[in-house]
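Breakdown of the fold
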Amino acid sequence: MTSKQNKTFRERPDNIDEHGKRKRIKARQPKGKWYTRRTIVAFSLLLFFVLAPIIKVGGNPFMLLDIVHRKFHLMGATVYSQDGDIMAIVMATVVVFVVLFTVVFGRFWCGWACPHTVFMEMIFRRIEYLFHGNYQRGRRSKFPGRVALALKHVIYFVVVLFFTNVFIMWFTGLSGLILIWKSPLIDYWQVYAAMLVVTVFYYWIYAYVRESVCTLFCPYGRMQGVLMDAKTITVAYDYKRGEPRRLKGDCVDCGGCVVVCPTGIDIRNGTQLECVNCTACIDECNIIMKRMKRAPNLIRFASNYSIETGKSSIKNLRTFAYSAVLLVLLSALVVSLWGRTEVDASLLRMPGTMYQEVSVDSISNIYQLKIVNKTEGVKNIRLKFLKPKNSAFFLSEYPIVLSEDGSFDGVIVLKRARFDMKKGNAPVELGIYDEERMLETTKATFIGPKPGS
Ligand code: SF4
Ligand code: SF4
């Protein structure tokens with residue numbers, strides 16, 4: 001905390017006035033090296049968002065969430081809904097990565113990669129500057145007030161509609177989206193209804209809710225207090241250097257860092273949950289420091305610990321613990337993708353059944369056999385018992401032809417000689433082949449009469 005704090009600090013959110021009414025935050029457009037870097041990152045992410053479902057890798061879309069056919073294209077690889085283990089590992093890896101990143105780098109994600117911030121600060125805020133001028137930097141809009149307001153809202157709506165279509169393309173692909181556009185409205189009325197609801201909702205978010213998403217609603221933002229500690233690197237004001245303001249300290253109390261802040265806070269009051277680490281205040285303060293011929297980075301990326309002690313450190317137990325978990329998850333992901341089989345198979349003895357006496361010297365067991373094709377090619381499935389070797393079996397449908405993403409669920413009867421059953425039961429192993437190529441094996445148990453019975 002700084003030595004000089006705003007008297008009303010923490011009495012209410014910075015976008016609420018003393019009567020409890022919403023204050024509209026009109027942040028000045030930042031200028032400086034951090035804003036340039038953030039612009040490059042943001043537009044690269046926007047380009048990825050638009051192009052990822054369009055570009056192809058090895059004939060597959062780079063990214064496509066094909067929920068209708070229960071398959072996902074991730075970086076060109078096809079993952080089916082049957083690959084639940086891989087999807088679970090991917091999700092766990094993403095969660096741990098975000099947590100680890102937050103422990104070490106605070107809300108870096110919020111200011112730099114969160115879709116809400118990218119859209120709000122890089123698109124909608126720029127549209128606003130175009131029609132209303134750049135607040136407090138003296139640039140006024142060329143459009144008269146009401147015309148500017150109306151035009152701004154029309155453009156907001158059109159931009160949201162465009163990105164809603166891009167979002168739909170992540171589920172349908174480009175060809176699917178074009179098909180929807182070309183078909184009569186009645187054929188896809190559910191898609192158009194969803195498009196309208198999403199567009200109106202996000203228009204409302206960007207036109208009216210704005211920074212409140214980050215400061216009040218986002219659950220990730222609310223978790224920060226638990227994840228961050230004194231060694232977390234955040235955008236921080238060096239109060240040791242800055243205070244006392246206007247006197248011996250470097251802070252001239254110009255208020256520049258406050259007027260550029262998109263969440264309306266004063267970073268000189270210390271690390272706050274409303275800070276999304278956007279770095280706008282760093283750029284603004286550096287402009288002032290240059291003008292005053294003082295050293296830059298009075299506000300910078302630093303931990304409270306390093307400002308307090310002058311030492312820099314990201315080495316703490318939680319960082320190592322999260323890194324270890326992340327490493328394990330990434331290894332598990334690589335192993336799962338590498339060892340991914342083309343089919344999933346299971347052989348389970350039919351519940352509630354015992355062995356059947358087929359003849360004086362042979363017995364049989366009934367099993368439930370399930371095979372799922374996890375590839376985009378047709379499979380001509382052949383079966384071969386590996387244990388007991390080449391046992392006779394009966395299946396109503398054989399050979400099994402599995403179409404792309406197809407599955408087989410049927411009953412298989414396995415017969416074997418009674419004199420083989422020396423212990424009452426024996427292991428069974430079934431090989432699943434595509435013609436002559438082995439794809440997978442699955443195991444079960446064969447039960448028979450107890451020896452001597
Ligand atoms: S305090 Fe600085 S880094 Fe934090 S949100 Fe405001 S301008 Fe961005
Ligand atoms: S921009 Fe820098 S000098 Fe101006 S009030 Fe903020 S911290 Fe102080």
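These numbers were taken from a predicted model, which means no experiment stands behind them. (Residues numbered from 1 in each chain as written. Chains lettered and ligands numbered in written order. Predicted model: local features only at pLDDT ≥ 70, side-chain atom pairs only at ≥ 80, totals over all residues. Heavy atoms only, no water.)

**Let's talk about the domain arrangement of the protein**
In terms of domains, the protein is made up of domain 1 (21–52 + 83–340) and domain 2 (343–447). Inter-centroid distance (C-alpha atoms) of domain 1 to domain 2 is 55 Å. (Domains from an automatic or database assignment.)

**Overview of the packing of helix α1 (residues 33–51) against helix α4 (residues 115–132)**
Running from N to C, α1 and α4 point in directions that differ by 105°, and their axes come no closer than 10 Å. In terms of orientation, α1 and α4 fall into the roughly perpendicular class. Side by side, α1 and α4 meet where Y35, R38, T39, A42, F43, L45, L46 and F49 of the first sit next to T117, V118, F119, E121, M122, I123 and R126 of the second. Of the residues belonging to the contact of α1 with α4, the class tally is 10 nonpolar, two polar and three charged. (Axes fitted to C-alpha atoms, helices over the stretch in contact; angles between N-to-C directions. Helix = DSSP H or I, 4+ residues; strand = E, 2+ residues; numbered from the N terminus. Parallel < 35°, antiparallel > 145°, perpendicular 65-115°, else oblique. Contact = heavy atoms within 4.5 Å. Nonpolar A, V, L, I, M, F, W, Y, C, P; charged D, E, K, R; others polar.)

**With respect to the sheet that holds strand β4 (residues 71–74)**
The strand order β3-β4-β5 describes an open sheet built from three strands, whose pairing is antiparallel. Every other strand in the sheet has two partners, leaving β3 (63–66) and β5 (77–80) as the edge strands with one partner each. Mean inter-strand twist for the sheet, computed between neighbouring axes without regard to direction, equals 20°. Two strands pair when backbone bridges link them, and β3 and β4 are joined in this way by four bridges, in the antiparallel orientation. Of the residues in β4, the one forming a bridge with M63 is L74. (Pairing = 2+ DSSP bridges.)

**Thoughts on the site of ligand 1**
Looking at ligand 1, there are 13 residues lining it, with C261, C275, C278, T279 and C281 nearest. Across the shell around ligand 1, the residue classes break down as 10 nonpolar, three polar and no charged. (Near = heavy atom within 4 Å.)

**What to know about the site of ligand 2**
All residues in the neighbourhood of ligand 2 are listed as Y237, C251, V252, D253, C254, G255, C257, R268, C285, M289 and I299. Classifying every residue of the shell around ligand 2 gives eight nonpolar, one polar and two charged.

**What about the sheet that holds strand β15 (residues 425–434)?**
Read from one edge of the open sheet, four strands run β13-β11-β15-β16, paired in antiparallel fashion. Among the strands making up the open sheet, the edge pair consists of β13 (400–402) and β16 (437–447). Mean inter-strand twist for the sheet, computed between neighbouring axes without regard to direction, equals 35°. With six bridges connecting them, strand β11 (residues 379–387) and β15 associate as antiparallel partners. The residue of β15 that forms the bridge with K387 is E429.

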